[in-house]
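Architecture at a glance
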Amino acid sequence: MKRRKILAVNATALVVAAAFSASSPVIAADTSVQFYGHLDLSIDDQTKGIQAGGAGQNPAPVGKAGWQADVSSNLSYFGFRGDHDIGGGYKMVFQVETQVDVSATPGPSPQNQASPGNADDKVLAALGSRNSFLGIAGGFGAFKLGKTDAPYKLSTARMDPFSATVGDYNSIMGNTGGDNRAEFDTRLSHAIWYESNKMGAFSWSALFAPGQNRSSDNTYNASGEPDCTGGGGTGAGFACNDGGFGNAFSAAAVYQAGPLYGIVAYELHKDVNRVSDDAVNVAIGDEAATKVGVQYTVTPNTILNVIFERMTRKNPNPDFNERQRNGSWLALTQKITGQDDLNVGWAHAAKTPGQPGGGAAGQVIANPGSVDNASNMYTVGYKHHFDRQSNWYAVYARQANKAGGHYDLGASGHGITTDCKDAVGFCFTGETLQAVSVGWMYSF
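First, a word on what this report is: a plain description of the structure on this page. Residues take numbers from 1 onward in each chain, read along the sequence in its written order. Owing to the predicted nature of the model, reporting of local features is limited to residues with pLDDT of at least 70; listing and counting of side-chain atom pairs is limited to 80 or more, with chain, interface and lining totals taken over all residues. Heavy atoms from the whole structure form the basis of all side-chain values; hydrogens and water molecules are not counted.

With that settled, consider the nonpolar core. By nonpolar core we mean a set of buried residues, namely Ala, Val, Leu, Ile, Met, Phe, Trp, Tyr and Cys, connected to one another through side-chain atoms within 4.5 Å. Note on exposure labels: buried denotes an accessible area under 20% of the residue type's maximum, exposed denotes more than 50%, and partly exposed covers the range between, all computed with a 1.4 Å probe on protein chains only. Within the largest apolar cluster, 29 residues are counted, with the highest numbers of intra-cluster contacts made by I172, M173, I263, I307, W329, M377 and L409. The numbering of helices and of strands both runs from the N terminus, where a helix is a DSSP run of H or I of at least 4 residues and a strand a run of E of at least 2. Of all the secondary structure elements, the ones that give two or more residues to this core are β10 (248–257), β11 (260–274), β13 (302–313), β14 (325–335), β15 (340–349), β17 (390–401) and β18 (432–443). By the convention used here, residues are in contact when the closest approach between their heavy atoms is within 4.5 Å. Look past the residues within four positions of M377 in its chain and what remains in contact with it is G167, D168, Y169, S171, I172, W329, G345, W346, A347, R398, Q399 and L409. By size, the runner-up hydrophobic cluster in this structure holds 13 residues, among which are V93, F133, L207 and V272.

Laid out in structure tokens, this is it:
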């Protein structure tokens, strides 16, 4: 995030106390609190590109599948964080952060009302819905409890100049099946993690999130959670059958020196339930992802980003496995002036061993097995910086799916996503989605 405006603790206490008609507490001199926020809104126009017939097996789509305009809040949020000196060179560190639905009404956020498999019962605009924790920091690094973007996700976040726009790289990167969620670009709740200090040019972080699931196949919500771990299923209760997993592990190592920033990262989800993919065979299997990435500042005005990713699923029958594949990301940022950037990006999803099939109505491929489900996303954007805290941007993205592919646009970041489904929830594969977006951001 950009530069933050730090408010004096005593002044903050007075404002909060006045707001709640309470007496002002005494604040210790060894405690600091910082309020911060980020607002990002855009005007979009996007099309699913669905056409009747598809590859010869699709019925006509129901509802509107062409261009549709919208106003999106994207990743707008605010929070407070700080630290408290506990002596001996150690500090308690804390943060509470929440999403802000600036242009939408806060509430449960199904990504597609016609698609229960993508339902989401979390209230993303509730207090503490984003990265929030309490921890201890010192010369050893930091040890924290709470919820956070996983090390795997954070390691390459800076390599996506289209983050939270219609061209976000998570439409493919970290996205195993092409849905409106990127399983390996995740925020993990009920987590324990460690962040090292920098050791020369190196640093690393590691996280463990216990499954907290009383079900042997992870079809229940994790204990204390309102939604399925992994985001799949039909929501609360016993229906976490499309991505629900148990224990999770995530780790990343970073090297940063001069113009070079490099990472290697790994994440493992244990016993992932994919009944929606494979109800005939064993639907439980571990899923993992590994990636390496490099950001290189070629000149002060030219930045190159490259990522290679391998995602795997231990599925006993490869004909049903559309979760295992390679992926890649290539992006270039060229500064045109001191205030203007031109960004271009290309994400590629390679073919998987198979696909689940079973959808004669609304799917190009009705039977399980091998199919060309690769995809390419092309995106270009322009950004003008008013200063370090504010800018406006324009982005065009094109997701070109092969015959069996159904990757979306705007997954895992943009406020309104564009998916493969028509109004009644049938997924049309092989389509080409497009979106244009103009927006502006302000950080404080």
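Read on, since the account is not over.
It is worth spelling out the packing of aromatic side chains at this point. Aromatic contacts are taken between Phe, Tyr and Trp rings whose centres are within 6.5 Å, Trp giving its six-membered ring; a plane angle under 30 degrees counts as stacked, one over 60 as edge-to-face, and the others as tilted. Throughout the structure, instances matching the rule amount to eleven aromatic pairs. Centroid distance F35 to F80: 5.9 Å. Interplanar angle 40°. Geometry classified as tilted. Taken together, the residues F35 in strand β1 (residues 31–47) and F80 in strand β3 (residues 77–87) connect sequence positions 45 residues apart. Look at F80 and you get partly exposed, because its relative accessible area is 28%. Geometrically, the ring pair formed by Y194 and W204 is tilted, given 5.0 Å between the ring centres and 50° between the ring planes. Within this pair, whereas Y194 is found in strand β7 (residues 187–195), its partner W204 is found in strand β8 (residues 202–209), the two being separated by ten residues in sequence. Linked through ring pairs, F162, Y169 and W329 together constitute an aromatic cluster. To sit over a ring, a charge needs its Lys NZ or Arg CZ within 6 Å of the ring centre and within 35 degrees of the ring normal. The ring of Y36 has R81 lying over it, and the distance from NZ or CZ to the ring centre is 4.1 Å. It is R130 that lies over the ring of Y77; its NZ or CZ is 4.4 Å from the centre.

Its place among the elements puts N131 in the loop between β4 (90–99) and β5 (132–138). Discounting residues that sit within four places of it in the chain, N131 has contacts with Q95, V96, E97, K147, T148, D149 and R187.

Let us now look at the state of the cysteines. Here, a disulfide means two cysteine sulfur atoms that sit within 2.5 Å of each other. For the structure shown, the criterion picks out two disulfides. With a sulfur-sulfur separation of 2.2 Å, C228 is cross-linked through a disulfide to C240. The disulfide joining C228 to C240 has a torsion of about -80° about its S-S bond and is therefore left-handed. With C228 in the loop between β8 and β9 (242–244) and C240 in the loop between β8 and β9, this pair connects stretches of sequence that are twelve residues apart.

Put simply, a salt bridge is a Lys or Arg side-chain nitrogen that is within 4 Å of an Asp or Glu carboxyl oxygen. With the rule as written, the count across this model stands at 18 salt bridges. Residue R181 pairs with D179 through a salt bridge whose shortest N-O separation is 4.0 Å. Under the relative-accessibility criterion, R181 is labelled buried at 7%. In this structure, R181 and D242 form a salt bridge, with 3.2 Å as the shortest nitrogen-oxygen distance. Residue R181 is found in the loop between α2 (151–155) and β7, and its partner D242 is found in strand β9; the two are separated by 61 residues along the sequence. Taken together, the shared-partner salt bridges connect D179, R181, E183, D242, R274, D277, E287, R313 and R323 into one network.

As a further point, take the side chain of N170. Inspection of the secondary structure puts N170 in the loop between α2 and β7. Pairing of N or O atoms within 3.5 Å defines a polar contact, subject to two protein rules: one partner must be a possible hydrogen donor and the other a possible acceptor, and residues neighboring in sequence count only if both atoms are side-chain atoms. Reaching out from N170, the side chain makes a polar contact with the backbone oxygen of M173 at a distance of 2.9 Å. When sequence neighbours within four positions are dropped, the list of residues in contact with N170 reads N175, A182, D185, A411 and S412.

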